[in-house]
Amino acid sequence: MDRPEDNILDENLAKKKLQAVLAGDDPAAVELLWDYYAGDLFAYLQAVLRSRHDAEDVLQTVFVRIVGKRHRLANARCLDAYVFRIARNEAVRFASRRKKGRTVEVKSESWLMAKESQAEPSDLAEQLQVALARLPRRQREVIVMKVYRQKTFSDIARLLGLSVNTVASRYRYGIEKLRTLLRDITP
Amino acid sequence: MSEKNAEKRGIEDLLRKARLSEPPPDVKQRITAVARKAWNQAPLELSWTIPFRRLAVSAAAAVFIIWLANYGSDYMLARWSSGAMRLANQQPTNVETLPEMPYSLFARRLAGLDRRSFVLDASALNKHIELLRRALAELLQSDVAKPPAPAGGRSRVILNPPRAKSCVQNV
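What you see as residue numbers is a count from 1 along each chain, following the sequence as written. Lettering of chains starts at A and numbering of ligands starts at 1, both following the order in which they are written. Per-residue local features are limited, in this predicted model, to residues with pLDDT of at least 70; the limit for side-chain atom pairs, both in listing and counting, is 80 or more; totals at the level of whole chains, interfaces and linings are taken over all residues. Hydrogens and waters are ignored; side-chain quantities use all the structure's heavy atoms.

Q: What is the right way to look at the nonpolar core in this model?
A: Considering soluble globular proteins, one finds that nonpolar side chains tend to be buried as a cluster. Among buried residues, the Ala, Val, Leu, Ile, Met, Phe, Trp, Tyr and Cys ones that are joined through side-chain atoms within 4.5 Å form a nonpolar core. Any residue under 20% of the maximum accessible area for its type is buried, any over 50% is exposed, and the rest in between are partly exposed; the area is computed with a 1.4 Å probe on protein chains only. With 69 residues, the main nonpolar core has Y37, L41, L132, I143, Y148 and L178 of chain A together with L15 of chain B as its most contacted residues. In terms of residue count, helix α2 (residues 29-49) of chain A provides more of this core than any other element does, 15 residues in total. Any pair of residues with heavy atoms lying within 4.5 Å of one another is described as a contacting pair. Leaving out residues up to four positions away in the same chain, L41 of chain A has contacts with L59, V62, F63, V83, F84 and A87 of chain A. Where helices and strands are cited, they refer to DSSP runs of H or I of at least four residues and of E of at least two residues respectively, numbered from the N terminus.

Q: Can you walk me through the interface of chain B and chain A in this structure?
A: Many authors give the size of an interface as the accessible area that is lost as the parts come together. Across the contact, 33 residues belong to chain B and 52 residues belong to chain A. A simple way to read buried area is as the amount of 1.4 Å-probe accessible surface that goes missing from two parts once joined, with both sides added. Summed over both sides, the interface between chain B and chain A buries roughly 4200 Å², with carbon and sulfur atoms accounting for 67% of that surface. The largest share of the area that chain B buries against chain A comes from R19, L20 and W39 of chain B, three residues that together contribute 20% of it. Take a side-chain nitrogen of Lys or Arg and a carboxyl oxygen of Asp or Glu: if they are within 4 Å of each other, that pair is a salt bridge. Linking chain B with chain A are four salt bridges. As a salt-bridge pair, E31 of chain A and K28 of chain B come within 3.9 Å of each other at their nearest N and O atoms. Here a polar contact means two N or O atoms within 3.5 Å. Within protein one must be a hydrogen donor candidate and the other an acceptor candidate, and residues neighboring in sequence count only if both atoms are side-chain atoms. Summed over the shared surface of chain B and chain A, the number is seven residue pairs in polar contact (both at pLDDT 80 or more). Taken together, the elements giving at least two residues each to the side of chain B that touches chain A come down to α1 (2-15), β1 (18-20), α2 (25-41) and α3 (49-89) of chain B. When residues in the side of chain B that touches chain A are grouped by element, the largest group, 11 residues, is from α2 of chain B.

Q: I'm lost on the packing of aromatic side chains in this one. Help?
A: Two numbers describe a pair of aromatic rings. These are the distance of the centres and the angle of the planes. The aromatic pairing rule takes the rings of Phe, Tyr and Trp, using the six-membered ring of Trp, and pairs them if the centres are within 6.5 Å, calling planes under 30 degrees apart stacked, those over 60 edge-to-face and the rest tilted. Per the counting criterion, the structure on display carries six aromatic pairs over all chains. Summarising the aromatic geometry, the rings of Y36 of chain A and Y37 of chain A are spaced 4.8 Å apart at their centres and angled 80 degrees between planes, so their arrangement reads as edge-to-face. In terms of burial, Y36 of chain A and Y37 of chain A fall into one category: buried. Ring geometry for W67 of chain B against Y71 of chain B: centres 5.5 Å apart, planes inclined by 20 degrees, an arrangement best described as stacked. A residue pair is termed a helical-turn pair when its members lie 3 or 4 positions apart in one helix, as W67 of chain B and Y71 of chain B do in helix α3 at four residues. The class of W67 of chain B is partly exposed, set by a relative accessible area of 49%. Pairwise contacts between aromatic rings join F64, W67 and Y71 of chain B into one cluster. Above the ring of Y171 of chain A, the side-chain terminus of K146 of chain A is found at 5.6 Å from the ring centroid. Taking NZ or CZ as reference, R172 of chain A lies 5.3 Å from the ring centre of Y173 of chain A, over its face. For a lysine, the NZ atom is tested; for an arginine, the CZ atom; a charge sits over a ring if that atom is within 6 Å of the ring centre and within 35 degrees of the ring normal.

Following this line, the structure appears as structure tokens:
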């Protein structure tokens with residue numbers, strides 16, 4: 001889902017509106033939060049967890065957590081960073097619990113899909129997914145946000161609370177690794 | 001460099017041939033319903049309580065840190081004082097067996113004084129210093145403390161030593 005706003009001014013206005021609704025304790029803020037963050041958060045969680053079902057579960061936890069902290073969100077200086085920090089904490093907690101429990105291993109479910117227009121859909125998506133899954137988490141999340149959510153480096157830096165240089169270097173290293181991993185299928 | 005950029009672009013193009021799945025509508029319904037429920041269950045937290053809670057937590061942390069510092073300090077002091085007492089209890093080398101030294105009487109007197117009591121006690125330290133002072137005064141009054149007079153009743157210090165003849169004078 002695309003964001004309802006297209007430019008920075010509109011984004012700022014939307015954020016102000018969202019924070020006003022949160023401060024007013026209006027449950028309609030849940031819808032606004034969903035429209036504004038669900039797509040990015042879902043992509044981010046899939047990148048971290050490498051599982052669509054886990055991402056859905058954690059997304060629910062994240063929304064509940066956001067609702068619980070709405071008074072802080074209403075006064076937050078950087079709303080995006082706050083929301084993504086909650087998502088990252090929840091995802092890392094979930095991943096460590098999954099690792100510790102070893103009840104559910106990361107299944108080879110497809111969280112990356114082929115575009116409808118592609119002739120050879122599933123194979124390529126599968127290979128890309130395997131290659132992405134072999135990257136370190138920090139590099140993978142930057143690449144996913146940049147390539148699949150069309151975020152700029154400064155956007156990603158703001159969301160993840162990093163410097164632009166860090167984000168750019170993570171992206172560069174990640175692409176380098178992907179080049180090695182995907183050597184056979186790159187033209 | 002341009003080759004690297006081309007390779008990077010190739011990887012990016014390849015990645016863009018796939019897409020990420022979006023959250024399905026049923027997931028949206030489920031999550032927003034749960035979130036609304038959570039919204040209604042948890043009333044808005046009063047914002048003025050937050051600084052008070054932070055203050056309480058900070059105070060508790062400060063009390064804990066001070067207690068920890070005191071505890072550590074007491075522990076270290078106890079260890080140190082036991083070591084110091086042990087050192088004080090140790091008798092020094094027998095002054096009788098020492099080779100002859102100046103002011104040996106005073107040294108013996110010092111050895112005879114009780115040095116244990118002033119390790120931790122300021123008043124005992126004062127008392128000890130007073131004893132030392134008294135012992136020193138007694139010794140100064142006695143003959144033994146006086147330094148031996150130089151031979152011939154003259155000072156050994158030569159105030160104006162005769163200058164060596166300069167070679168320049170002969171020139």
